[in-house]
Amino acid sequence: MSYSFQIGQRYTRRDVYRIIGISEDTRGGNWDTGYARHGNSWFIFCNVGTSGRTGHDYANQWIGNRLKWYGKRTSRLHNPSIQSMLSVDTDTYILWREDNTEPFIFAGIGNAAEVEDIAPVKVIWTFETGISPDEVSPSTTFREGTVCNVLVNAYERNPVVRQKCIEHYGATCYVCCFNFGKVFGELEKGFIHIHHLRSLSEIGEEYEVNPVKDLRPVCPNCHAMIHRRSPPLTIEEIKTLLLNRAANYSAT
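In what follows, the accompanying structure is described. This one's a predicted model, so the numbers in the text were calculated from it and none came from an experiment.

About the criteria used
Residues numbered from 1 in each chain as written. Predicted model: local features only at pLDDT ≥ 70, side-chain atom pairs only at ≥ 80, totals over all residues. Heavy atoms only, no water. Helix = DSSP H or I, 4+ residues; strand = E, 2+ residues; numbered from the N terminus. Buried < 20%, exposed > 50% of the residue type's maximum accessible area, 1.4 Å probe, protein only. Core = buried A, V, L, I, M, F, W, Y, C linked by side-chain atoms within 4.5 Å. Contact = heavy atoms within 4.5 Å. Pairing = 2+ DSSP bridges. Arc of directions from axis to C-beta. Salt bridge = Lys/Arg side-chain N within 4 Å of Asp/Glu carboxyl O.

## Structural notes on the overall build of the protein chain
Okay, step 1: What the protein chain contains, in helices and strands, is seven helices and 14 strands.
Okay, step 2: Sorting the 252 residues of the protein chain into buried and exposed places 42% on the buried side.

Right, here's the structure in full:
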């Protein structure tokens, strides 16, 4: 069974309980200590760069768009719970946060790319996300852009960078001011592409990204138009095109 979580959206544990429909007497226990199973799905609640509310602190880390994650302190690869969440027949929903007082952010359904049998067990999770390949305090910088080989060379995107950009600018298109949530409602709330003012494919190496100075939220239409030319059009050029078209329509 699949559940209607939106990638990049924030959820409390209570929100998760409501969405997946677990009963009151199911809550607590494993649901409050990192990961738990419901039906044929696993749910991981992951702290990145901060300790959990129980005081345990793991070296969980985003590496591009991959998540390095550690199981509970005594977990090993042979544990039935770990074997189950790594199974191709199981969906593993992964939620993460940087602050243990804040709700979790849904990263997506994880696919185990690498596993290391240590204590605690270490897993590198990858995700199939809705983030376009053309696609956090303002003074903070993050490293991203490392090339990884999938079927073709692709440039990794750091989901923390994306989130920080949206937190600063909002999920409204920086070019045309379109907001999916306001038009389509809760289903598309928070949906937006993130545009790099300096194309990663041109840089070809890892570099420091400032999510406020280097990135802008743009709708898919404007994003597609920006990349209709090589080198891409600037945001200012796209805004000018829109203003000129609007003036022409008014004149007629």
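## Quick word on the nonpolar core
Okay, step 1: Counting residues in hydrophobic clusters, the biggest one holds 19 residues, and the most contacted among them are Ile44, Trp62, Leu67, Trp69, Met85, Trp96 and Trp125.
Okay, step 2: Broken down by secondary-structure element, the contributors of at least two residues to this core are strand E3 (41–47), strand E5 (66–70), helix H2 (80–86), strand E6 (91–97), strand E7 (104–116) and strand E8 (122–127).
Okay, step 3: Setting aside its immediate chain neighbours within four residues, Met85 contacts Tyr35, Trp42, Ile44, Trp69, Thr90, Thr92 and Trp125.
Okay, step 4: Formed by 15 residues, the second largest nonpolar core is a distinct cluster that contains Phe45, Tyr93, Phe104 and Phe106.

## What about the pairing of E7?
Okay, step 1: Here two bridges tie strand E1 (residues 10–11) to E7, and the two strands are oriented antiparallel to one another. In the sheet register, Arg10 faces E7, and the bridge partner there is Ile105.
Okay, step 2: Direction of pairing for E6 relative to E7: antiparallel, over a ladder of four bridges. The residue bridging Leu95 from the neighbouring strand is Phe106, located in E7.
Okay, step 3: Hairpin connection from E6 to E7: six residues lie between these consecutive antiparallel strands.
Okay, step 4: Bridge analysis of E7 against E8 gives six bridges, and the strand direction is antiparallel. Among the inter-strand pairings, Glu114 is bridged to a residue of E8, identified as Ile124.
Okay, step 5: If you look at the hairpin formed by E7 and E8, you'll find five residues sitting between the two strands.

## Thoughts on helix H1 (residues 13–20)
Okay, step 1: For H1, the set of buried residues is Arg13, Val16, Tyr17 and Ile20. Mapping the buried residues of H1 onto a view down its axis gives an arc of 100°, with all of them on the same face. Within H1, the exposed residues directed more than 90 degrees away from the buried face are Arg14 and Arg18.
Okay, step 2: Following H1 by one or two positions, Gly21 adopts a phi angle in the positive range, close to 75°.

## Some thoughts on unusual backbone geometry
Okay, step 1: Each neighbour pair has its own omega, and for Ala119 with Pro120 the value is 0°, a cis peptide bond.
Okay, step 2: Looking at where Pro120 falls in the secondary structure, it is placed in the loop between E7 and E8.
Okay, step 3: In this structure, Cys177 takes a positive phi of about 70° despite not being glycine.
Okay, step 4: Along the chain, the position of Cys177 falls in the loop between helix H3 (159–169) and helix H4 (180–184).

## Section: the pattern of salt bridges
A side chain with one charge may pair with a side chain of the opposite charge, provided their charged atoms come close.
Okay, step 1: Applying the stated rule across the entire model yields eight salt bridges.
Okay, step 2: The shortest N-O distance in the salt bridge between Asp32 and Arg13 comes to 4.0 Å. Linking Asp32 in the loop between H1 and strand E2 (35–38) with Arg13 in helix H1, this pair joins segments that are 19 residues apart in sequence.
Okay, step 3: Residue Asp32 is classed as partly exposed on the basis of its relative accessible area, which comes to 41%.

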